[in-house]
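Fold and contact review
Listed below are the residues making up each chain.
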Amino acid sequence: MSTVETLTVANVDCTLNVTVMQLTPEVLELRYQIKNTAAYPIYLCNRLYKNIEFDANTQRNIYMVEPNLANIVLDGTSVTVGKAVVDVPRWVLVEALQIPCLSRILPQETYTEVFQVREPLMPYTVYEPGPHRGNIITCTLYFKLGYFLAGPSIESSIDIVNTPVGPVHHTAPFPASEQTTITVGPFAKQVQVVSEE
């Protein structure tokens, strides 16, 4: 039997509705819908990928976006499932920041995405794959979405890149602090999460 819960939050730029549904004991489905209430386009930092592959036929890079890929960040007894730019941990050395591909929403338009994560949730960001083993703990669930508003000067810096699902937007790397985030939660439903031993 599936359980369904929907929460809504709004700020000066947008309204975000998130529905969480337990499809099976092992699969949690999240559906988020965001409406742009601002005067400028919004770019969601929501199309996460692990790899970029080179296509020899087209001589172009392919950003291997994965619709079900999300950041999963454990903080004590709460866990946040997110689609956003994340900070590089101080103890991790990287050659370059990795920015998700973007979804563009025009003023007064709405964008919806549905994705699934497996329970127990495994902590993950592009810089920290997370533990593959550990204790299972019960946590309060939140959802976070990163975005930025795009005036004319920012629009000129947005590129189009190729993915397995077609062309999407992308931009040069920037720190997580330069995005705006909107968070929904806590949900009444608690979830199982793998915690490091």
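Everything below is about the structure printed above this text.
Only a predicted model underlies this, so the values are computations on that prediction, with no experimental measurement involved. (Residues numbered from 1 in each chain as written. Predicted model: local features only at pLDDT ≥ 70, side-chain atom pairs only at ≥ 80, totals over all residues. Heavy atoms only, no water.)

**Thoughts on the side chain of Glu-113**
Looking at the secondary structure, you find Glu-113 in strand S10 (residues 110–118). A polar contact of 2.3 Å, which involves the side chain of Glu-113, links it to the side chain of Tyr-32. Here Lys-83 takes part through its side chain, which lies 3.3 Å from a polar atom of the side chain of Glu-113. If near-sequence neighbours (up to four positions away) are discounted, Glu-113 is found in contact with Leu-30, Arg-31, Tyr-32, Asn-46, Pro-67 and Lys-83. (Helix = DSSP H or I, 4+ residues; strand = E, 2+ residues; numbered from the N terminus. Polar contact = N/O pair within 3.5 Å; in protein donor to acceptor, adjacent residues only side chain to side chain. Contact = heavy atoms within 4.5 Å.)

**Structural notes on the packing of aromatic side chains**
One pass over the structure, following the stated rule, counts 7 aromatic pairs. Consider the rings of Phe-115 and Phe-143, whose centres lie 6.3 Å apart with planes at 40°: the pair is tilted. Of the two residues, Phe-115 sits in strand S10 while Phe-143 sits in strand S11 (residues 135–149), which places them 28 residues apart along the sequence. Taken as a pair, Phe-115 and Phe-143 share a single burial class, namely buried. Clustering of aromatic rings is evident, with ring pairs tying together Tyr-32, Tyr-111, Phe-115 and Phe-143. Over the ring of Phe-115 we find Lys-83; its NZ or CZ atom is 4.4 Å from the centre of that ring. (Phe/Tyr/Trp six-rings, centres within 6.5 Å; stacked < 30°, edge-to-face > 60°. Buried < 20%, exposed > 50% of the residue type's maximum accessible area, 1.4 Å probe, protein only. Lys NZ or Arg CZ within 6 Å of the ring centre and 35° of its normal.)

**Points about the nonpolar core**
Among the nonpolar cores identified, the biggest contains 29 residues, and Leu-16, Tyr-32, Leu-44, Val-81 and Phe-143 are the most heavily contacted of them. Mapped by element, the contributors of at least two residues to this core are strand S2 (14–24), strand S3 (27–36), strand S4 (42–47), strand S8 (78–83), S10, S11, strand S14 (180–184) and strand S15 (190–195). Looking at which element gives the most residues to this core, the answer is S11, with 5 residues. With sequence-adjacent residues up to four places away left out, Leu-16 is seen in contact with Leu-7, Thr-8, Val-9, Tyr-32, Gln-33, Ile-34, Phe-143, Leu-145, Ile-182 and Val-184. With 10 residues, the next largest nonpolar core counts Cys-45, Val-85, Ile-99 and Phe-174 among its residues. (Core = buried A, V, L, I, M, F, W, Y, C linked by side-chain atoms within 4.5 Å.)

**Points about the environment of Ala-38**
On the secondary structure map, Ala-38 appears in the loop between S3 and S4. Of the residues examined, Ala-38 reaches a relative accessible area of 11% and is grouped as buried. Measuring from C-alpha to C-alpha, the distance between Ala-38 and Val-12 comes to 7.0 Å, with 26 residues separating the pair along the chain. Setting aside residues up to four positions removed in sequence, Ala-38 forms contacts with Asp-13, Pro-107 and Leu-149.

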